Amino acid sequence: MPSVAERWWLVVFRAGWRGTRLLPERVAYRLFDLVALLAHTRGGRDVETMRANYARVRPELDQAASEGLVRAGMRSYLRYWCDAFRLPDRSAAELAALVRCEHDEPVRADVAAGRGQVLFLGHLGNWDTAGAWATGHLAPVTTVAERLRPEELYAEFLAFREALGMTILPLTGEAAVFGRLVRAVRAGAFVPLLADRDLTDTGLEVDFCGHRAAMAPGPAALAVSTGAPLRPVTVRYEARADRPPGPAGYRIVISFGPQVRDPQQGSVADRVAAMTQQCADYLAQAVRQHTQDWHMMQPVFTEPGPTSPRAPRAATDEWTPRTSGHRG
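Draft legend 1. The arrangement of the overall build of the chain in detail. When its secondary structure is counted, the chain shows 11 helices and 9 strands. The proportion of buried residues among the 328 residues of the chain is 54%. In the chain, 81% of the contacts between residues at least 6 apart in sequence involve partners at least 24 apart. Per element, the accessible surface of the chain, about 14,300 Å² overall, is 56% carbon and sulfur.

Given below as structure tokens:
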């Protein structure tokens with residue numbers, strides 16, 4: 001039986017999906033930007049976790065610069081939600097204008113040859129826009145999503161992403177998910193997997209931005225099992241030159257990393273660990289360069305870290321449900 005809080009957030013998300021699409025674009029994005037600033041001021045567990053994660057990856061910043069980065073991170077995160085709520089109404093032309101690709105030539109060559117792709121993603125930028133665009137411009141997308149609570153919310157997220165053309169498999173609750181991913185890769189699909197946070201007890205410890213962190217071994221394990229190329233991919237926001245400055249004037253940049261090298265020596269576990277570390281190294285560069293677009297509001301690092309640059313505010317409750325950051 002869903003709790004009162006879960007029921008409340010279901011109402012909020014349904015209102016967001018419907019109401020945001022009725023507003024003029026600039027009004028909608030300005031409203032979400034104001035919510036981001038309010039959430040940053042109010043604080044709470046999610047904001048404090050983002051602050052602590054940012055302090056780990058950008059230790060050189062002073063207090064003022066660090067706090068400005070957290071504020072920018074909240075604005076980027078709420079931009080993601082406004083994007084997501086409005087995404088079903090985007091035309092093909094509008095969707096194409098929202099995306100710019102980097103280093104995609106090898107990927108397109110593989111797709112033309114019928115080779116499936118395994119992609120290691122972090123919680124950067126807007127994954128939903130990237131997935132919808134890739135389905136229409138590169139190859140069918142199959143991925144895994146965390147089963148959210150309440151179940152009705154998960155069902156609506158599932159319907160939303162499938163309406164964009166993606167195939168979504170639940171992280172838990174169904175058997176043989178890995179086998180279905182294997183078949184999808186062998187059929188030539190794109191399989192992007194959010195892997196910069198471990199959602200199970202099988203995560204691998206890697207070096208990430210100078211600290212130990214737990215990441216998911218799934219992408220590397222899938223690549224080893226299928227022989228398909230494994231590439232790290234990052235997504236970030238950038239201002240659009242064809243729009244006036246403001247919350248509505250952004251698009252995403254999808255940047256494909258080089259194919260990860262499979263050592264092809266040692267045990268499968270050793271190969272998976274080495275490939276996951278290569279992905280973590282690539283992701284670390286992007287997180288340091290575009291920290292505000294790393295929407296990480298859950299603990300990532302496995303070792304005690306430095307004190308947050310700013311003392312926690314009095315507010316200790318969360319401003320978002322526990323679905324925040326669980327966009328996989």
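What follows continues from the structure just given.
Draft legend 2. Region of interest: the pattern of salt bridges. Under the definition given, this model contains 18 salt bridges. Residue aspartate 104 pairs with arginine 108 through a salt bridge whose shortest N-O separation is 2.8 Å. Taking relative accessible area as the criterion, arginine 108 reaches 36% and is therefore assigned partly exposed. Via salt bridges that share partners, Arg100, Glu102, Arg236, Glu238 and Arg251 belong to a single interconnected network.

Draft legend 3. View of the packing of helix H9 (residues 177-186) against helix H10 (residues 218-226). With their axes 10 Å apart at the nearest point, H9 and H10 run at an angle of 60 degrees to one another. In this view, H9 runs oblique relative to H10, as classed from their interaxial angle. Taken as a pair, H9 and H10 cross one another with a handedness that is right-handed. Contacts from Phe178, Leu181, Val182, Val185 and Arg186 in H9 reach Gly218, Ala221, Leu222, Ser225 and Thr226 in H10. When its residues are assigned to classes, the contact of H9 with H10 shows 6 nonpolar, 3 polar and 1 charged.

Draft legend 4. Structural detail: the packing of aromatic side chains. Going through the model one piece at a time under the given rule, you end up with 7 aromatic pairs. Judged by centre distance (5.0 Å) and plane angle (75 degrees), the rings of tyrosine 80 and tryptophan 81 are edge-to-face. Here tyrosine 80 and tryptophan 81 have matching classes, each one buried. Between tryptophan 81 and phenylalanine 85 the ring centres are 5.7 Å apart and the planes differ by 35 degrees, which places this aromatic pair in the tilted class. Of the two residues, tryptophan 81 and phenylalanine 85 both sit in helix H4 (residues 63-86), 4 residues apart, roughly one turn of that helix.

Draft legend 5. Region of interest: the environment of glutamine 259. In this structure, glutamine 259 sits in the loop between strand S9 (250-256) and helix H11 (268-289). With 27 residues separating them along the chain, glutamine 259 and proline 232 place their C-alpha atoms 7.7 Å apart. Not counting the four nearest positions on each side in its chain, glutamine 259 is found in contact with Pro229, Leu230 and Arg231.

Draft legend 6. Region of interest: the sheet that holds strand S8 (residues 230-239). In space, the 5 strands of this open sheet follow the order S1-S9-S8-S2-S5, with mixed pairing throughout. In this open sheet, the two strands that pair with only one neighbour each are strand S1 (99-102) and strand S5 (190-194). Between one strand and the next, the sheet's axes are offset by a mean angle of 30 degrees, whatever the strand orientation. In terms of strand pairing, strand S2 (residues 117-121) meets S5 through 5 bridges, oriented parallel. Its bridge partner being in S5, phenylalanine 120 is matched across the sheet by leucine 193.

Draft legend 7. Representation of H11 within the structure. With 22 residues, H11 extends 32 Å from end C-alpha to end C-alpha; this agrees with the ideal 32 Å at 1.5 Å per step. Along H11, the residues classified as buried are Arg271, Val272, Met275, Thr276, Gln277, Cys279, Ala280, Tyr282, Leu283, Ala284, Ala286 and Val287.

Draft legend 8. Expanded view of unusual backbone geometry. Of note, the phi angle at cysteine 209 is positive, near 55 degrees, even though the residue is not glycine. Its place among the elements puts cysteine 209 in the loop between strand S6 (204-208) and strand S7 (211-215).

Draft legend 9. Fine view of the confidence of the model for the chain. Here the chain shows a mean pLDDT of 86. Residues at 70 or above account for 84%. Within the model, pLDDT remains below 50 along residues 307-328, and this stretch shows 79 contacts once partners closer than five positions in the same chain are excluded.

Draft legend 10. Structural detail: the pairing of S6. The pairing of S6 with S7 spans 5 bridges and is classified as antiparallel. Directly across from aspartate 207, in S7, lies its bridge partner arginine 212.

Draft legend 11. Structural view of the environment of glycine 188. Examined against the element boundaries, glycine 188 turns out to sit in the loop between H9 and S5. We classify glycine 188 as buried; its relative accessible area is 16%. Separated by 77 residues in the primary sequence, glycine 188 and valine 111 place their C-alpha atoms 7.2 Å from one another. In this structure, glycine 188 is in contact with Gly114, Arg115, Gly116 and Ala139, ignoring residues within four places of it in sequence.

Draft legend 12. Expanded view of the packing of H10 against H11. Relative orientation of the contacting elements H10 and H11 amounts to 125 degrees, with a least axis distance of 8 Å. Of the possible angle classes, the one that applies to H10 and H11 is oblique. Classified by chirality, the crossing of H11 by H10 is right-handed. Across from Ala220, Ala221, Ala223 and Val224 in H10, the residues of H11 making contact are Val268, Arg271, Val272, Met275 and Thr276.

Draft legend 13. Representation of the environment of alanine 96 in the model. In this structure, alanine 96 sits in helix H5 (residues 92-97). The class of alanine 96 is partly exposed, set by a relative accessible area of 32%. Spatially, the C-alpha atoms of alanine 96 and arginine 251 are 9.7 Å apart, while their sequence positions differ by 155 residues. Aside from chain neighbours lying at most four places away, what touches alanine 96 is Trp133 and His137.

What counts and how
- Residues numbered from 1 in each chain as written.
- Predicted model: local features only at pLDDT ≥ 70, side-chain atom pairs only at ≥ 80, totals over all residues.
- Heavy atoms only, no water.
- Helix = DSSP H or I, 4+ residues; strand = E, 2+ residues; numbered from the N terminus.
- Buried < 20%, exposed > 50% of the residue type's maximum accessible area, 1.4 Å probe, protein only.
- Contact = heavy atoms within 4.5 Å.
- Areas by Shrake-Rupley, 256 points an atom, 1.4 Å probe, with all protein chains shown as cover.
- Salt bridge = Lys/Arg side-chain N within 4 Å of Asp/Glu carboxyl O.
- Axes fitted to C-alpha atoms, helices over the stretch in contact; angles between N-to-C directions.
- Parallel < 35°, antiparallel > 145°, perpendicular 65-115°, else oblique.
- Left-handed = near helix turned anticlockwise from the far one by under 90°.
- Nonpolar A, V, L, I, M, F, W, Y, C, P; charged D, E, K, R; others polar.
- Phe/Tyr/Trp six-rings, centres within 6.5 Å; stacked < 30°, edge-to-face > 60°.
- Pairing = 2+ DSSP bridges.
- Expected span 1.5 Å × (residues − 1).
- pLDDT = per-residue confidence, 0-100.

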